Amino acid sequence: MARSVFMKIRWISLITAAMITVTGCASASEQGAATVPTDQAGQATAATSEAPSQTGTRVVTDGFGEVEIPTNPKRVSALYREDYLVALGVTPIVQYYNPMWGKQDYLNLDAPLFDVTGNIEALLVAEPDLIIGAGEVDAEQYELYSKVAPTFRLPDDVLADSRKTLTLIADLLGLSEKAEQVIADYDARIADVKAKLNSAIGNEKIVVLRMNVADKSINIFGIHNTFVGEILYKELGLKAPAFAEAMTEGNIVLSNEVIPELDADHIILLPSNGTWEEESNAKALEEMKANSLWQTVPAFKNGHVYPVERSYWQTGAITANGLKMDDLLRLLAP
């Protein structure tokens with residue numbers, strides 16, 4: 001380990017216990033269990049630079065103020081936003097990990113895991129020259145990360161839009177032209193998939209549900225959900241059941257009384273943890289299919305219930321949305 005790393009560890013230990021206690025998974029808004037902190041983010045702006053050059057540093061502004069970052073950072077940590085780095089052709093130096101739910105498996109990264117509930121040493125050892133965080137990074141954590149490397153907190157209003165998030169991250173990395181190409185390809189893919197799905201299912205209604213492993217309750221995702229509603233209903237123009245369309249929240253627990261009224265022709269179903277191959281999840285799925293209440297729903301009666309891998313359905317990032325579109329074509333327009 002480099003001497004500089006040891007010095008950083010020693011320095012930080014004098015200020016803090018070097019423990020980060022991020023609760024829940026990644027971005028709370030993406031998991032639907034809580035709200036993202038907005039006290040500081042409301043002041044955040046897109047990256048603005050002062051006299052950027054090809055080498056050296058520049059000054060950008062986020063919700064916590066001005067921060068000096070490398071003009072072309074090479075060793076980047078984007079906590080729970082590794083998807084955008086991958087889309088830009090950048091290899092993250094660590095991957096966000098929470099022992100309560102794991103990591104974003106769909107990225108297939110060969111990078112050391114950074115347990116955000118544990119000691120910060122793993123991030124120190126990786127020696128980033130830029131750390132990118134989001135809503136789960138509060139003022140205390142921001143200060144701690146900033147002792148390791150220049151840290152930029154993405155504003156909440158940007159996080160709601162995958163294109164804006166990609167554009168801002170690309171700007172921080174000096175890769176704006178690459179982002180333009182990625183977005184152009186993404187838009188072309190959406191147009192193609194939208195046409196194919198419209199031809200295959202027309203106005204048939206589709207909804208995404210999540211089975212909560214702990215108590216077998218079911219969450220339903222509405223049209224305003226950032227990682228389901230945006231791509232399915234806004235981008236691809238798919239039709240939502242009336243209940244999901246009327247929801248003002250991103251997702252809620254579905255009560256038994258509503259199940260018979262859920263006029264969904266197709267249901268995408270994901271587990272809150274693990275995979276459908278796990279015995280407990282597989283058993284819960286079979287029990288759900290056999291339940292007389294669920295048998296009143298058109299999707300169950302017609303065999304149009306599709307268990308899917310959870311990790312990319314629980315984020316609205318560029319790569320994840322591409323995998324969702326793969327699923328939709330495979331399941332609805334084979």
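Bear in mind the structure is a predicted one, so any value in this text is a computation, not a measurement.

**Student:** Residue-level account of the pattern of salt bridges, with values.
**Tutor:** This structure, assessed with the given rule, holds 11 salt bridges. Two residues, Arg 81 and Glu 136, come together in a salt bridge whose shortest N-O distance is 3.6 Å. Residue Arg 81 is found in the loop between β3 (76–78) and α3 (82–87), and its partner Glu 136 is found in the loop between β6 (130–133) and α5 (139–148); the two are separated by 55 residues along the sequence. The partner of Lys 216 in a salt bridge is Glu 287, and the shortest N-O contact between them spans 2.9 Å. With Lys 216 in the loop between β8 (206–211) and β9 (218–221) and Glu 287 in helix α11 (residues 279–290), this residue pair connects regions lying 71 residues apart in the sequence. On the accessibility criterion, Lys 216 (43% relative accessible area) is partly exposed. We classify Glu 287 as partly exposed; its relative accessible area is 37%. Connected through shared salt-bridge partners, Arg 163, Asp 187 and Glu 235 make up one network.

**Student:** Lay out helix α8 (residues 176–201) in plain terms, naming residues and giving numbers.
**Tutor:** Relative to the 38 Å expected for 26 residues at 1.5 Å per residue, α8 spans 37 Å between its end C-alpha atoms, a close match to the ideal helical length. Burial in α8 covers these residues: Ala 179, Val 182, Ile 183, Tyr 186, Ile 190, Val 193, Leu 197 and Ile 201. Where the residues of α8 are buried, they touch α3, α7 (162–173), α9 (229–235), β11 (266–271) and α13 (318–332). The first or second residue beyond α8 is Gly 202, which carries a positive phi of 55 degrees.

**Student:** Any chance you could break down the nonpolar core for me, citing the residues and the numbers?
**Tutor:** Counting residues in each nonpolar core, the largest one holds 100 residues, and the members touching the most others are Leu 232, Ile 267, Trp 294, Trp 313 and Leu 328. Here this core takes eight residues from α8, the largest share from any one element.

**Student:** Tell me about the sheet that holds β11, and please be specific about residues and values.
**Tutor:** If you walk across this open sheet you meet the five strands as β10-β9-β8-β11-β12, and the pairing is mixed. Two strands close off the open sheet at either side, each with one partner strand: β10 (251–253) and β12 (305–307). Here the average twist between neighbouring strands, direction ignored, is 25 degrees. Both β11 and β12 contribute to a ladder of three bridges, which runs parallel. By the bridge assignment, Leu 269 is partnered in β12 with Pro 307.

**Student:** Pulling in residues and values, what's your account of the sheet that holds strand β7 (residues 151–153)?
**Tutor:** Spatial strand order, β3-β6-β7: three strands in an open sheet with parallel pairing. The outermost strands of the open sheet, each flanked by one partner alone, are β3 and β7. Taking the axes of each pair of neighbouring strands and ignoring which way they run, one obtains an average angle of 15 degrees across the sheet. Sheet analysis places β3 next to β6, joined by three bridges and oriented parallel. Each residue of the ladder has a partner; that of Val 76, found in β6, is Leu 130. Lying over the sheet, α5 contacts β6 and β7, oriented at roughly 150 degrees with respect to β7. Across the face of the sheet, α7 comes into contact with β3, β6 and β7 while running at roughly 165 degrees to β6.

**Student:** I'd like a rundown of the packing of aromatic side chains, residues and numbers included.
**Tutor:** Within the structure shown, the criterion is met by seven aromatic pairs. Seen in terms of ring centroids, Tyr 80 and Trp 101 are 5.6 Å apart; in terms of plane orientation they differ by 80 degrees. Their pairing is edge-to-face. In this pair, Tyr 80 is assigned in the loop between β3 and α3 and Trp 101 in the loop between β4 (95–97) and β5 (113–115), connecting sequence segments 21 residues apart. The two residues Tyr 80 and Trp 101 agree in class, both being buried. With a centroid separation of 6.4 Å and an interplanar angle of 70 degrees, the aromatic rings of Phe 114 and Tyr 145 are classed as edge-to-face. Of this pair, Phe 114 sits in strand β5 while Tyr 145 sits in helix α5; the two residues are 31 residues apart in sequence, bridging distant segments of the chain. Note on accessibility: Phe 114 and Tyr 145 belong to one class, buried. Here the aromatic residues Tyr 80, Tyr 96 and Trp 101 are joined through ring pairs into a cluster of three or more.

**Student:** Break down α5 for me, with residues and values.
**Tutor:** Those residues of α5 that fall on the buried side of the exposure criterion are Gln 141, Tyr 142, Leu 144, Tyr 145 and Val 148. End-on view of α5: buried residues confined to an arc of 165 degrees, all on one side of the axis. Where α5 begins, the capping side chain belongs to Asp 138, and its oxygen is found 3.2 Å from the backbone nitrogen of Glu 140.

Cut-off values and rules
- Residues numbered from 1 in each chain as written.
- Predicted model: local features only at pLDDT ≥ 70, side-chain atom pairs only at ≥ 80, totals over all residues.
- Heavy atoms only, no water.
- Salt bridge = Lys/Arg side-chain N within 4 Å of Asp/Glu carboxyl O.
- Helix = DSSP H or I, 4+ residues; strand = E, 2+ residues; numbered from the N terminus.
- Buried < 20%, exposed > 50% of the residue type's maximum accessible area, 1.4 Å probe, protein only.
- Expected span 1.5 Å × (residues − 1).
- Contact = heavy atoms within 4.5 Å.
- Core = buried A, V, L, I, M, F, W, Y, C linked by side-chain atoms within 4.5 Å.
- Pairing = 2+ DSSP bridges.
- Axes fitted to C-alpha atoms, helices over the stretch in contact; angles between N-to-C directions.
- Phe/Tyr/Trp six-rings, centres within 6.5 Å; stacked < 30°, edge-to-face > 60°.
- Arc of directions from axis to C-beta.
- Polar contact = N/O pair within 3.5 Å; in protein donor to acceptor, adjacent residues only side chain to side chain.

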